[in-house]
Amino acid sequence: MTGTDVVLVEVSERIATITLNRPAARNALSREVLRTLPRVIRELEADEAVDVMILTGADPAFCAGLDLKELGSDDRGDEPSMAAPTTGARGPMPARVKPLLGAVNGVAVTGGLELALACDFLVASERARFADTHARVGVQPGWGLSVLLPQAVGLRRAREMSATGNFVDAQTALAWGLVNHVVGHDELLPYCRALATDICGNDQAGVQRLFRTYEEGSLLAGAEAWAHEAEVARAWLTSGGGRPEEVAARSDAIMARGRTQI
């Protein structure tokens, strides 16, 4: 599994760490990054040696959004505009079922905020800052911000962020529900790896089926989502998932782990 100079990949103990590596450009999303990142995600999704992915940026930023200098260039060749999402695409990354943690080490702005929202959950450094500047630049979001940001912080706060373009600091992001945890900057990746290790210790087929159920349920109305979950649970048992003997074999380890967290 290899990345490129602008997207670094390291796999260790079933955890893949993906690092946007354009620090001088605040990890802005160039065409090369936008070609490479989806490929890396697809390869890690298919890699049997990987259970969990972590996405972060090379300091000092997480991601400053689309590379506006490149976007404004006349030298685009035959490539489509970076600002034009593919029809039917949902977000900047391909579909997946393996958990993706966002380790937000600095600013996450506009397209970078959308990249963070595309992660399953977020851990923020104390230095993290979040802003939606689509309206300031004069462009429209195409990676699900108008859907995912209200889900995270509520509609009124999302509208405030989009209308003002103002930055939200890490502690405010935590209070609003945009991020799950805020930690010291030097503890960001170790903390994320600890969470990833907890995930790796679970039944991976179960984790991935549950994440698929979350994704499928997000496309349904309330009653339909309830019915879909029940259908998935029945199908899981019918196919041999969650067999009583397997659950019993794991129970001692589950209880021991729980005692350490109480």
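Residues numbered from 1 in each chain as written. Predicted model: local features only at pLDDT ≥ 70, side-chain atom pairs only at ≥ 80, totals over all residues. Heavy atoms only, no water.

1. Remarks on the sheet that holds strand β7 (residues 129-131)
Taken in spatial order, the three strands make up an open sheet running β5-β7-β8, and their pairing is mixed. The outermost strands of the open sheet, each flanked by one partner alone, are β5 (107-109) and β8 (168-169). With three bridges joining them, β5 and β7 adopt parallel strand pairing. Along β7, the bridge assignment pairs V107 with R129. (Pairing = 2+ DSSP bridges. Helix = DSSP H or I, 4+ residues; strand = E, 2+ residues; numbered from the N terminus.)

2. Some remarks on the packing of helix α9 (residues 204-217) against helix α10 (residues 222-238)
Contact pair α9 / α10: the axes reach a minimum separation of 10 Å and the direction vectors enclose 155 degrees. It follows that α9 is roughly antiparallel to α10 by the angle criterion. Crossing hand, α9 versus α10: right-handed. Counted together, A205, G206, R209, T213, E216 and G217 of α9 and A225, H228, E229, V232 and W236 of α10 form the full contact between these two elements. Of the residues assigned to the contact of α9 with α10, the class counts are four nonpolar, four polar and three charged. (Axes fitted to C-alpha atoms, helices over the stretch in contact; angles between N-to-C directions. Parallel < 35°, antiparallel > 145°, perpendicular 65-115°, else oblique. Left-handed = near helix turned anticlockwise from the far one by under 90°. Contact = heavy atoms within 4.5 Å. Nonpolar A, V, L, I, M, F, W, Y, C, P; charged D, E, K, R; others polar.)

3. Remarks on the layout of surface pockets
Approximately 1,200 Å³ is the volume found for the largest pocket. Those elements that provide at least two residues to the lining of the largest pocket are α3 (111-117), β6 (121-125), α5 (145-153) and α9. When residues of the lining of the largest pocket are assigned to their parent elements, the largest contribution, five residues, is made by α9. Of the residues belonging to the lining of the largest pocket, the class tally is 20 nonpolar, seven polar and six charged. (1 Å grid on protein atoms, 1.4 Å probe; cavity = no way out; pocket = protein on both sides within 12 Å on 5 of 7 lines; lining within 4 Å. Points joined across faces, edges and corners; volume = space filled by probe spheres on them.)

4. Concerning the sheet that holds strand β9 (residues 181-183)
Sheet strands line up and pair through hydrogen bonds in the backbone, either parallel or antiparallel. In space, the six strands of this open sheet follow the order β1-β2-β3-β4-β6-β9, with mixed pairing throughout. The sheet terminates laterally at β1 (7-12) and β9, the two strands that pair on one side only. Within this sheet the neighbouring strands show an average axis-to-axis angle of 20 degrees, counted without direction. In terms of strand pairing, strand β4 (residues 100-104) meets β6 through four bridges, oriented parallel. The residue bridging G102 from the neighbouring strand is L122, located in β6.

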